[in-house]
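What the coordinates show
Listed below, chain by chain, are the residues.
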Amino acid sequence: MSKILVTGATGQLATCIKDVFSECADTLSVVYRTSSELDITDVATVFQEFKTTTYDYCINTAAYTHVDGAETNQETARSVNSEGAKHLAAACAKNNVVLIHISTDFVFDGSQSVPYIEEDATHALGVYGATKLEGEKTIRSLCPKHFIIRTSWLYSEYGSNFLKSMLEYGREEESLSIVFDQVGSPTYARDLAQILSLFVVREIDDYGTYHFSNEGVASWYDFAQAIFEINNISVRLLPIRSEAYPLPAQRPHFSVLDKSKIKKVLQIEIPHWRDSLLRASETLALKSKKST
Ligand SMILES: NC(=O)c1ccc[n+]([C@@H]2O[C@H](COP(=O)([O-])OP(=O)(O)OC[C@H]3O[C@@H](n4cnc5c(N)ncnc54)[C@H](OP(=O)(O)O)[C@@H]3O)[C@@H](O)[C@H]2O)c1
């Protein structure tokens, strides 16, 4: 039975991991640590965690994920996304633990017009992406047994995300302005959790960097439109350029990830983002029905 440590246990991806991994309870034994139980910026605590328990895998979902907040809270973003990743990489290397680390499409600047492969040149536009990139580099240098999984536009029934914000705004507002000049691939965090389980259950040892998102391409405008269609919400949508909605952090205009490598190694087909959005919407609707 594989013993797995999951960091950042209250986050949306970790919560999806809990759901998915509970279905493999006979083969996987998972320990979930919240930020207060295991602060990855604290090197002594991190090493103590690996000393107390023998793990086979560490899945690091912990991150400072406020893309705009990172522009002003650079130190915090760096300490979690870069230093925290470094502590985990060092502890995993020392204890022969496989580190599965989640990274982001924001390591790219979006200047390409074809999907990014793992080897494409990185150039982050903002502090969040830059600190995640630092985290990636330090993991590669310290921990040979690593998987760095870059993903994009995560959403789910948990935490704060674009799907949940749109559902909330769509029910309150008559019209919404949404940017159409940023293009990427929405990713249902539950689908990513499923992929992470495959790496563990199949004991994949082709270590390195991988890209994962749902299939298909969308702008934020397309994504919002699909959310409203699927959830039968009537709202007038206005397409706007990024300049019309200025934010502290610059975003890539094109951050579609090429997933050929992960599909080949895991021998999988990836669901299209619209199909996954439908599943996530149904799960959310069921959840809110149960709570009323
Ligand atoms: N969300 C996206 O659109 C997106 C896109 C691409 C990649 N990613 C990556 O995917 C991963 C998961 O994202 P997510 O959406 O699940 O993020 P999330 O919901 O914001 O969860 C992040 C988790 O990290 C924890 N955390 C923060 N600082 C910590 C520390 N010092 N020590 C331990 N835990 C700490 C947070 O705990 P507290 O709440 O207690 O602070 C939270 O539970 C991250 O690596 C992120 O960079 C996300």
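Residues numbered from 1 in each chain as written. Predicted model: local features only at pLDDT ≥ 70, side-chain atom pairs only at ≥ 80, totals over all residues. Heavy atoms only, no water.

Going through the model one piece at a time under the given rule, you end up with 14 aromatic pairs. Seen in terms of ring centroids, F162 and W220 are 4.7 Å apart; in terms of plane orientation they differ by 55 degrees. Their pairing is tilted. Taken together, the positions of F162 in helix 6 (residues 162–172) and W220 in helix 8 (residues 220–230) put the pair 58 residues apart, joining distant regions of the chain. In this pair, the class of F162 matches that of W220, namely buried. With a centroid separation of 5.1 Å and an interplanar angle of 25 degrees, the aromatic rings of F162 and F223 are classed as stacked. Of this pair, F162 sits in helix 6 while F223 sits in helix 8, and the two are 61 residues apart along the sequence. F162 gets classed as buried once you look at its relative accessible area, which sits at 19%. The class of F223 is buried, set by a relative accessible area of 0%. A connected cluster of aromatic rings, assembled from ring pairs, spans W153, Y155, F162, Y188, W220, F223 and W273. The ring of Y32 carries the charged tip of K18 above its face, separated from the ring centre by 5.1 Å. Residue placement shows K261 over the ring face of Y210; its charged tip is 4.4 Å from the ring centre. (Phe/Tyr/Trp six-rings, centres within 6.5 Å; stacked < 30°, edge-to-face > 60°. Helix = DSSP H or I, 4+ residues; strand = E, 2+ residues; numbered from the N terminus. Buried < 20%, exposed > 50% of the residue type's maximum accessible area, 1.4 Å probe, protein only. Lys NZ or Arg CZ within 6 Å of the ring centre and 35° of its normal.)

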